[in-house]
Amino acid sequence: MFVDRYDRLLWAVFILLLIAIATTTAYSLQGSAYVTQHNDRNLARKMIERARLDYLADLYAPVTAALESGDYSHALLALGEVQRSFPDEAYGQVLKGVILSKMGAIDAALESLAAGIKRDGNYIDRNGSLSYRETVAALVVNQLPLYAARVANDAGDTIALTSKRHLHYLQSRLAGGCE
Amino acid sequence: MNWRDRHLWLVILAGGVFGVLGVMLSVWGNPANSGICVSCFLENSVGALGFHDNDRMQYLRPELPGFVLGATVSALIGREFVARGGGAPLPRIVAGILLMIGCAIFIGCPIKLFLRLSAGDLTALAGVAGLICGVWIGLQGLGHGVSFGQPLKERGTGWITPLFFLALLAAFFVRPGFLLFSERGSASLHAPWFLSLGAGLVLGGLAQRTRFCITGGIRDGLILGRRAPLLWGGIAFIISAFLFSILVGRFNVGWLGQPGAHLETVWNFTGMLLVGIVSALIGGCPLRQLIKSGEGDTDAGLVVIGMLIGAALVQAWGITATAAGVPSDGKIAVLTGLALTVLSMLLFRERETE
């Protein structure tokens, strides 16, 4: 690749371009503009996330207040109001699952939790905001042996089979791994 | 120059129609000076498909399927649809990416370059100089034996790109849930779909029939001078766009305050320099690659795939220039693009002594 003058010219231009790339990169990393440009994008993402959390907290405030005070039937009613406008919203489905589990309606709770977490895995993440990881983990640990026994006793129990499938899904999500 | 040549007048007609529709698509709703811009349309379309997260640049532009399918129909009617390809596939994908990097630094493809200029945007002058220099450098490379190989006839593969764009057009109408559409920014500005699609089909057909290509016009002008029909097509394009810009009150001559433009002259030049070299080496500007892919050329189809990847990358990595100027990553990307192009000229050169 050094046969003639054209080859040598191309090599010279190539080396000059490499120097130009190195100089531009060094100059860019030195200045504050480069850092600012990338920080801006991360900041924008943080702002969107914060806005989402604030919006959800605001939207479900009556539900979470009733849930925290232990008034589960009122929490369910308040949730129904919100879900009339946003029927499939993930956080609402997770909240419904949590409330139903507190009320002892485990099959319905597992269905809601599985549906909500399938839509948005953030609600079960270790570092996720508005995470219900502990609640879901406790539910899986306590209920899985019971449902396994139910299915073992009666293989035709379709409700138990469905709930066991939901439990295994939640167990898999709790275990982590690459999505 | 044979002024009685029917093909010459067809090329001039095509150039004229490109100029008129380039201006009118802006009047009908596309962003200012971006009535036709292949690179902008690609960036919008990959954004709509979810390949980047710039929510100001997400719209499935019907002009793109129009260009390709218009070319396919025209090629079928003219019995010019031939499945062919096989020349250096991977470098062609890289070439497509480099084309989009160059366009992103200038903010627009060669068609938009001349639409900007004919609307009075003087910042485009550096781009014109860069593009002409780039085509000249590319021609020198070809003259010294740089070649990506000759295409061979293939079976069936020529339909892949037209079918892909047909699927995109279907997605535009069906609107599956994964498609994203901007509600603000330049991608929210668009002409009514039937005008966009209709213009795309007409222009695609005309471009296929006449081989209309901006860099091709410059190339032929440099080689053949005034005898090159494509050069006259390019001139007709500029004149008609200029006259229509005045007619619809969109002509605003000056350097400052131009839509979709920045004042970094060196980088305007460099961006189009890269586009010029790559286009000359692979045989056509971004529009020409779309048209060739529509007439069965799978080599051009690979360039189109590269352009789709490049369109996503320039947005996702923040390479693309804005009215604020060229970001550092963009400068590094365009220089890297030039270095890769020079390297490929060394690697793909057939030397007389070999």
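Residues numbered from 1 in each chain as written. Chains lettered and ligands numbered in written order. Predicted model: local features only at pLDDT ≥ 70, side-chain atom pairs only at ≥ 80, totals over all residues. Heavy atoms only, no water.

Quick look at the interface of chain A and chain B
Every contact between the two is made by 20 residues of chain A and, on the other side, 26 residues of chain B. At the boundary of chain A with chain B, the tally comes to three salt bridges. Measuring nitrogen to oxygen at the nearest pair gives 2.7 Å for the salt bridge that ties B:Arg349 to A:Asp4. Viewed at the interface, chain B and chain A are joined by five residue pairs in polar contact (both at pLDDT 80 or more). Of all the secondary structure elements, the ones that give two or more residues to the side of chain A that touches chain B are helix H1 (5-30) and helix H2 (32-59) of chain A. Considering every element that reaches the side of chain A that touches chain B, the biggest residue donor is H1(A), with twelve residues. Across the side of chain A that touches chain B, the residue classes break down as eleven nonpolar, five polar and four charged. (Contact = heavy atoms within 4.5 Å. Salt bridge = Lys/Arg side-chain N within 4 Å of Asp/Glu carboxyl O. Polar contact = N/O pair within 3.5 Å; in protein donor to acceptor, adjacent residues only side chain to side chain. Helix = DSSP H or I, 4+ residues; strand = E, 2+ residues; numbered from the N terminus. Nonpolar A, V, L, I, M, F, W, Y, C, P; charged D, E, K, R; others polar.)

As for the confidence of the model for chain A
On average, residues of chain A score 91 in pLDDT, and 94% of them reach the 70 mark or higher. When pLDDT is averaged over each element of chain A, helix H5 (residues 90-103) of chain A comes out on top at 96 and H2(A) at the bottom at 82. (pLDDT = per-residue confidence, 0-100.)

Some details on the side chain of B:Asp220
Residue and element names in this part refer to chain B. Its place among the elements puts Asp 220 in helix H9 (residues 214-224). A polar contact of 2.9 Å, which involves the side chain of Asp 220, links it to the side chain of Arg 219. Apart from residues lying up to four places away in sequence, Asp 220 is in contact with Gly 225, Ala 228 and Leu 230.

Considering the environment of A:Tyr132
All names here are of chain A. If you trace the backbone, Tyr 132 turns up in the loop between helix H6 (106-119) and helix H7 (133-153). Sequence separation between Tyr 132 and Val 94 is 38 residues, and the spatial gap between their C-alpha atoms is 8.1 Å. The contacts of Tyr 132, once residues within four sequence positions are left out, are Thr 64, Leu 67, Tyr 91, Val 94, Leu 95, Val 98 and Tyr 123.

Here's the deal with helix H5 (residues 110-118) of chain B
Residue and element names in this part refer to chain B. Of all nine residues that make up H5, eight are buried, and the element is covered over most of its length. Among all positions of H5, only Pro 110, Ile 111, Lys 112, Leu 113, Phe 114, Leu 115, Arg 116 and Ser 118 are buried. Immediately downstream of H5, the backbone of Gly 120 shows phi near 95°, a positive value. (Buried < 20%, exposed > 50% of the residue type's maximum accessible area, 1.4 Å probe, protein only.)

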